[in-house]
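Survey of secondary and tertiary structure
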Amino acid sequence: MADRIVNGSSRSNSYKYLKGHFVVNYILSLAFIILRMCPPMCNTLFAKTEVPCALDMKEAEILLFLGVIVAFKTRSASTVQEFVTKTCMFTKVANCVLFLFHDVRISFLYMCFCGVHGILLPEPAIYDGPDHVVYITGPNWADELERSKNVAWVIEFFTTWSPACIRFSQIFSLLSNKYKLNNLRFGKVDVGRWPEVAEKFRINTSSISHQLPTIATFMNGKELCRVPLMDSKSRVPKYTFNEVNVVRDLNLNQLYLECKKKIKEPVPEKSKDI
C-alpha cells in the first residue's frame, strides 16, 4: 500500500460533555450516593444499617477523603476533559470501597458495570474546533518526510485506545493552529495500527506505557527532539502533557521563529549569462 497523507477534520459538538461516555460516567460516579440515600433502593440494599437512607460517619469520612484526593490529583489537569475523567475515576474507586463495606456482591457488580462502560463507551476525543493536523499512514512514511526538504514536522505518535492520547488531542490541535506555517507542519501517526513505526522509533505501545503519546520534531526526516525522553537507566518517567511543557521541551517557539525566518528570506535571482 502506498503511503499517503490524509487531511484531518474536526467535529463540532456543543454538548461534548453530554455524550454517552460522560453521562454514564456521571451516573456511575454518583451511584453510591443515589442508591444509599434514595428510597426505596436504600431500604432494600442497606436494610441492615442503623439508618438505611442516610450516610453514616465512616461513609462521610471516605467521601471527605475523596474530595482531598481529587483536589490533589487534578491540580495539574491541562484540560477540562482530563479534570472530569480523573474526578470520575477516583470517585468510582471510592464507590467500590463504600459498596464493599456493605456487600461484596454489590461491589463486584459495580466493578463489572464500570468495566463494561469502559469497553462499550470508551472515552471520546471531544475537541470541536479547527486544526491544521494531517493523519499520516503507511509504514514507510518517514521517507516522505525526508523528501520534504526544508520542512519541519511536529509528529504525534498515538493510539486510538489510549486515554492520555485522547486527552492530548485537543492540545495538539491548538498547537497546530498556533504554530503552523508552510514549512512547519503538524501530523499524527497511529502506532497501534502501524506497530513497525513504533518499533522503528522505539515507542512502547503497551497499556502501561508512559510513551503514549510521544511527540517528536523532525527536519529533513531527521529527529530533532522528543517528549517524553528516556532517563539514563532507559526508563521513561511520567510526563505531564500540557501546552507549556510541550512548547518548552520541544523548543517550539525557537523552531517557529527559524521556520518563519526562512519564509521571509528572499530567494536569490539566477545570474544571467552575458
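Refer to the structure printed above.
Before going into details, it helps to say that this report is about the structure given with it. (Residues numbered from 1 in each chain as written. Predicted model: local features only at pLDDT ≥ 70, side-chain atom pairs only at ≥ 80, totals over all residues. Heavy atoms only, no water.)

Considering the overall build of the protein chain
Counting secondary structure elements, the protein chain contains 11 helices and 6 strands. In the protein chain, the proportion of contacts linking residues at least 24 apart, taken out of those at least 6 apart, comes to 69%. (Helix = DSSP H or I, 4+ residues; strand = E, 2+ residues; numbered from the N terminus. Contact = heavy atoms within 4.5 Å.)

Some points on the packing of aromatic side chains
Enumeration according to the criterion identifies 11 aromatic pairs in this entry. Here the aromatic rings of F99 and Y110 are separated by 5.3 Å at their centres, their planes lie at 50°, and the arrangement is tilted. Taken together, the residues span a long stretch of sequence, with F99 in helix α5 (residues 80-102) and Y110 in helix α6 (residues 104-120) at a distance of 11 residues. Their ring planes at 70° and their centres at 4.9 Å tell us that Y239 and F241 sit as a pair that is edge-to-face. Each member of the pair Y239 and F241 is classed as buried. An aromatic cluster is built from F168, F172, F186, Y239 and F241, whose rings are joined through pairwise contacts. Here the basic side chain of K58 rests over the ring of F101, its NZ or CZ set 4.9 Å away from the ring centre. (Phe/Tyr/Trp six-rings, centres within 6.5 Å; stacked < 30°, edge-to-face > 60°. Buried < 20%, exposed > 50% of the residue type's maximum accessible area, 1.4 Å probe, protein only. Lys NZ or Arg CZ within 6 Å of the ring centre and 35° of its normal.)

Quick word on the pairing of strand β2 (residues 133-137)
Where burial is concerned, most of β2 is hidden: 4 out of the 5 residues are buried. Here 4 bridges tie β2 to strand β4 (residues 184-190), and the two strands are oriented parallel to one another. Bridge pairing links V134 to G187 in β4. (Pairing = 2+ DSSP bridges.)

Some points on the state of the cysteines
Summed over all chains, the structure comprises 1 disulfide. One disulfide bridge connects C42 with C53, the sulfur atoms lying 1.8 Å from each other. Classification of the bridge connecting C42 and C53 rests on its S-S torsion, roughly 75°, and on that basis the disulfide is right-handed. Remark: C53 occurs in the loop between α3 (41-45) and α4 (57-73) and C42 occurs in helix α3; sequence separation between them is 11 residues. Look at C42 and you get buried, because its relative accessible area is 0%. Take C53: its relative accessible area is 25%, and that puts it in the partly exposed class. The cysteine C38 is free of any disulfide, with C42 supplying the nearest cysteine sulfur at 7.0 Å. (Disulfide = S-S within 2.5 Å.)

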